[in-house]
Amino acid sequence: MSMSPRPKRADDRSARSAAKPRVKVSDEARFFAGWLQRPLVMGAVSPSSKALGRAMAAFVPEGVGEDRAVLELGPGTGVVTQCLVDRGVPEKSLVLIEYSREFCVLLRARFPAAQVIEGDAYAPGPALEAAIAGRPLAATISSLPLFTKPDAKREAVIGGALERMGPGAPFIQFSYALTLPVKPARLGATVETSPWIKRNLPPARVLVYRSA
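Just so it is clear, the structure is predicted and the values come from calculations on it, not from any experiment. (Residues numbered from 1 in each chain as written. Predicted model: local features only at pLDDT ≥ 70, side-chain atom pairs only at ≥ 80, totals over all residues. Heavy atoms only, no water.)

A. Here's a closer look at the pattern of salt bridges. This structure, assessed with the given rule, holds 6 salt bridges. For Arg87, the salt bridge is made with Glu62, and the minimal N-O distance between the two is 3.9 Å. Within this pair, whereas Arg87 is found in helix H5 (residues 79–87), its partner Glu62 is found in the loop between helix H4 (50–57) and strand S1 (69–73), the two being separated by 25 residues in sequence. The class of Arg87 is partly exposed, set by a relative accessible area of 32%. For Glu62, a relative accessible area of 67% corresponds to the exposed category. One salt bridge in this structure joins Asp151 and Arg154, with 3.6 Å as the shortest N-O distance. With a gap of 3 residues between them, Asp151 and Arg154 both fall in helix H8 (residues 151–164), about one helical turn apart. (Salt bridge = Lys/Arg side-chain N within 4 Å of Asp/Glu carboxyl O. Helix = DSSP H or I, 4+ residues; strand = E, 2+ residues; numbered from the N terminus. Buried < 20%, exposed > 50% of the residue type's maximum accessible area, 1.4 Å probe, protein only.)

B. The nonpolar core, seen in detail. Ranked by size, the top nonpolar core spans 28 residues in total, and within it Met56, Val60, Val70, Leu84, Ile141 and Val206 carry the most contacts. Among the secondary structure elements, those contributing two or more residues to this core are H4, H5, strand S2 (94–98), helix H6 (101–110), strand S4 (137–142), strand S5 (171–175) and strand S7 (205–211). Top element by residues in this core is H4. It accounts for 5 residues. If you look at the next biggest cluster of nonpolar residues, it comprises 25 residues, including Ala69, Ala121, Ala131 and Leu207. (Core = buried A, V, L, I, M, F, W, Y, C linked by side-chain atoms within 4.5 Å.)

C. Spotlight on the environment of Ala177. Within the secondary structure layout, Ala177 lies in the loop between S5 and strand S6 (189–193). On a C-alpha basis, the gap between Ala177 and Pro203 in space is 9.4 Å, while along the polypeptide they are 26 residues apart. When near neighbours in sequence (up to four residues on either side) are disregarded, Ala177 contacts Phe147, Trp196 and Arg205. (Contact = heavy atoms within 4.5 Å.)

D. A look at the environment of Val95. Relative to the helices and strands, Val95 is located in strand S2. Judged by relative accessible area, which is 1%, Val95 ranks as buried. Taking the C-alpha atoms as reference, Val95 lies 8.6 Å from Leu73; in sequence the two are 22 residues apart. Ignoring sequence-local partners within four residues, the contact set of Val95 consists of Ala69, Val70, Leu71, Glu72, Gln115, Ile117, Leu128, Ala131, Ile132 and Arg135.

E. Local environment of the packing of aromatic side chains. Applying the stated rule across the entire model yields 1 aromatic pair. Directly above the ring of Tyr122 sits Lys149, whose terminal nitrogen or CZ lies 5.0 Å from the centroid. (Phe/Tyr/Trp six-rings, centres within 6.5 Å; stacked < 30°, edge-to-face > 60°. Lys NZ or Arg CZ within 6 Å of the ring centre and 35° of its normal.)

F. Representation of the pairing of S5 in the model. Among the 5 residues in S5, 5 count as buried, and that is most of the element. A two-sided burial pattern is seen for S5, the buried positions comprising Phe171, Gln173 and Ser175 on one face and Ile172 and Phe174 on the other. Across 3 bridges, the pairing between S4 and S5 is parallel. Paired with Ile141 across the strands is Ile172, a residue of S5. Remark: the S4/H8/S5 crossover connection has right-handed handedness. (Pairing = 2+ DSSP bridges. Right-handed = clockwise from strand over helix to strand, strands pointing away.)

The values reported here are purely geometric and, on their own, carry no functional implication.
Here it is, written out as structure tokens:
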């Protein structure tokens, strides 16, 4: 006697569906998708490596407290941001300006005490002043793709940050290029360069501008 197969029950299907592992979207995938949509805004196809992030964070003065602010331009998925926290910078001191709405959501979840501004780091407007709230700016860290912008915008973003900070405070930028994005003499500044960080794809170095 043949038996017809037992019809699939809805709860069987739901149980199997629940058993399927959820696919976690990696930061690399998020970054690459963002680059495909806005290559000139993103500048890079993958997040900075932890080695590069640590090298950038090392130039931030030690002992930054909540009474001072640290500004990060273009934090992306927060690799460098985490290195700043590991360096000892309090989350409440961090002011992050990010263009991508998706990355802003991610940053707010990962660094809930930080101030996250969704906007253009080249023209932050009054939102930046409100986030800093009159605190001295101890350092500015930038992952902006400066070479995708004209000279005037490069000078404005670095020069504007140096003007907000006290003498000697660092503007920290990474670069893949052999040349400087802005000659320091045009800003009345000095520049320090790190050795090439080969544990990054592609290799990069850290540039540190300071007002003279």
